[in-house]
Amino acid sequence: MKPNVYIDGKEGTTGLQIYDRLSGRGDINLLLIDDDKRKDLTERKKYLNGADIVFLCLPDAAAVEAVGLIDNPKTRVIDASTAHRTAAGWVYGFPELLAGQRQRIKYAKRVANPGCHATGFLSIAAPLVAMDILPADYPVTCFSLTGYSGGGKKMIAEYEGDNKAEELYSPRIYGTNLNHKHLLEMQALSGLKYPPVFSPIVDDYYKGMATGIQLHNALLKGKPTAQDICELLARYYEDQTMVRVAPWGSETGMLAANTFSGYDNLEISVTGNGDQTLIVSRFDNLGKGASGAAVQNMNLMLGLDETTGLAVK
Ligand SMILES: NC(=O)C1=CN([C@@H]2O[C@H](COP(=O)(O)OP(=O)(O)OC[C@H]3O[C@@H](n4cnc5c(N)ncnc54)[C@H](OP(=O)(O)O)[C@@H]3O)[C@@H](O)[C@H]2O)C=CC1
Ligand SMILES: CC(=O)N[C@@H](CCC(=O)OP(=O)(O)O)C(=O)O
């Protein structure tokens, strides 16, 4: 029998992108709620409990509420919100990140899909800590460029509506109080002692991300060069399809944040020299940064090829 799948919040930015990836598939049965009942608690409860897999594409409070409506022990959840990413009983939905993570996701009842900025940061920091290159007490800083769809329907309306404000035509540094909501997961999953000093930047394009960290090689264990780091990261991810490392020397000095827009995989670029290293992770905030990652997790949980229905550049 085909598994029943329900997307709570299907009309939102993340929900629609999950729907796009699932709607043509013959190996699942997509449950569709009537549009006028999509916020009706009683109706949603029926759908949430009638599904084998539920995607939550909702604001945090609504995601917590949705989980509370589930009493069917067979219903498995993939939550795209920030609500459960470091919560007990939830598995972090980043299969490539750490040894055993793919297996944990495969059998999990509750999967928290990673934050978009956290995805870029962790793809770099977690393996470097795991391989004992980046000391756990290193004072890491991180920048992260994102398209405006990262802010959901409200931010999209600000950028695409009439009377667009003048400042929206330029990149904007936000989270300047340095307490972005992804810091908790960034620290917890990287194994770092301190959260990074983190500067997200939103710009006037729809989707695509470039998240980077800059390192002093002399402060790393074993004092590797940038090329050493590139090769070690490439080995760490060598068996993965949705995460890869660009070969050393392949970058030409300019990295665009929208290169992976429309794709579900992520690529890490390492540049620099013997003294300093720049490591940048590029992906789509709605691909590996949200909806693509959520579908990859669903595929794993259903025992399917994890790349089914996904676009790899
Ligand atoms: N956009 C992105 O790149 C990423 C988003 N996320 C996370 O995914 C989640 C969804 O974000 P996003 O899709 O961008 O947000 P949107 O604002 O685009 O969509 C949210 C959707 O949820 C609906 N909704 C709100 N409250 C309820 C409720 N009580 N019951 C049912 N539906 C409800 C909204 O309805 P209505 O249409 O009426 O407003 C809307 O359709 C958030 O937690 C976000 O942080 C995670 C990673 C990346
Ligand atoms: C441009 C913009 O505002 N982006 C959002 C990130 C979207 C996202 O990743 O949402 P989650 O926190 O649910 O993961 C932000 O930085 O808050």
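Residues numbered from 1 in each chain as written. Chains lettered and ligands numbered in written order. Predicted model: local features only at pLDDT ≥ 70, side-chain atom pairs only at ≥ 80, totals over all residues.

For the protein chain, the name recorded in an unreviewed UniProt entry is N-acetyl-gamma-glutamyl-phosphate reductase, with Pseudoflavonifractor intestinihominis as its organism. Reading the Function (unreviewed entry) entry of the UniProt record for the protein chain gives the comment "Catalyzes the NADPH-dependent reduction of N-acetyl-5-glutamyl phosphate to yield N-acetyl-L-glutamate 5-semialdehyde." Here the protein chain is described in UniProt, under the heading Sequence similarities (unreviewed entry), as follows: "Belongs to the NAGSA dehydrogenase family. Type 2 subfamily." (UniProt positions renumbered as here; feature names shortened; annotations may be inferred.)

Student: Honestly, the nonpolar core in this entry has me stumped. Any pointers?
Tutor: Soluble, globular proteins show a tendency: their nonpolar side chains are buried together. Within the largest apolar cluster, 78 residues are counted, with the highest numbers of intra-cluster contacts made by Val54, Phe55, Leu56, Leu122, Ala125, Val270 and Ala294. Ranked by residues supplied to this core, first place goes to helix α5 (residues 116-130) with nine residues. When residues of this core are sorted by domain, at least three fall in each of domain 1 (4-114 + 290-301) and domain 2 (116-283). Contact partners of Val270, with chain neighbours within four places excluded, come to Ala226, Ile229, Cys230, Leu233, Val245, Trp248, Thr277 and Ile279. (Core = buried A, V, L, I, M, F, W, Y, C linked by C-beta atoms within 7 Å. Buried ≥ 20, exposed ≤ 12 C-beta atoms within 10 Å, placed from the backbone. Helix = DSSP H or I, 4+ residues; strand = E, 2+ residues; numbered from the N terminus. Domains from an automatic or database assignment. Contact = placed C-beta atoms within 7 Å.)

Student: Help me out: how do you make sense of the domain arrangement of the protein chain in this one?
Tutor: The parts lose accessible area when they come together, and the size of an interface is often stated as this lost area. Each assigned domain of the protein chain is listed here: domain 1 (4-114 + 290-301) and domain 2 (116-283). Its C-alpha centre places domain 1 at a distance of 25 Å from the equivalent point of domain 2. The interface is formed by 15 residues belonging to domain 1 together with 20 residues belonging to domain 2. Among the elements that line the side of domain 1 that touches domain 2, the one with the most residues is helix α9 (residues 291-301), at three residues. For the side of domain 1 that touches domain 2, the residue count by class is seven nonpolar, six polar and two charged. (Nonpolar A, V, L, I, M, F, W, Y, C, P; charged D, E, K, R; others polar.)

Student: What exactly am I supposed to notice about the packing of helix α1 (residues 13-22) against α9 here?
Tutor: How two helices sit against one another is set out by the angle between their axes and by the gap between those axes. Contact geometry of α1 with α9 gives a least axis separation of 9 Å together with a crossing angle of 50°. When the interaxial angle is binned, α1 and α9 end up oblique. As α1 packs across α9, the resulting crossing turns out to be right-handed. Across the interface between the two elements, Thr14, Gln17, Ile18, Arg21 and Leu22 from α1 touch Ser291, Ala294 and Val295 from α9. Residues that form the contact of α1 with α9 fall into these classes: four nonpolar, three polar and one charged. (Axes fitted to C-alpha atoms, helices over the stretch in contact; angles between N-to-C directions. Parallel < 35°, antiparallel > 145°, perpendicular 65-115°, else oblique. Left-handed = near helix turned anticlockwise from the far one by under 90°.)

Student: I would appreciate a short explanation of unusual backbone geometry in the present structure.
Tutor: With the exception of glycine, the majority of residues adopt a negative phi angle, and the majority of peptide bonds are in the trans configuration. The phi dihedral of Asn163 falls on the positive side, at around 55°, and the residue is not glycine. Mapped onto the secondary structure, Asn163 falls in the loop between α6 (152-160) and β8 (172-173). Its 5 C-beta neighbours within 10 Å are what place Asn163 among the exposed residues.

Student: Explain the site of ligand 1 to me, please; I cannot follow it from the model alone.
Tutor: Surveying the vicinity of ligand 1 reveals 26 residues, the closest of which are Gly12, Thr13, Thr14, Ser81 and Gly152. Of all the elements in the fold, those that place two or more residues in the shell around ligand 1 are α1, α3 (60-69) and α6. Among the elements that take part in the shell around ligand 1, α1 stands out by supplying three residues, more than any other. (Near = placed C-beta within 6 Å.)

Student: Help me out: how do you make sense of the site of ligand 2 in this one?
Tutor: In the vicinity of ligand 2, the contacting residues are Ser81, Thr82, Gly115, Cys116, Thr146, Gly150, Gly151, Met155, Lys181, His182, Pro200 and Val202. Here the shell around ligand 2 is built from residues that sort into four nonpolar, seven polar and one charged.

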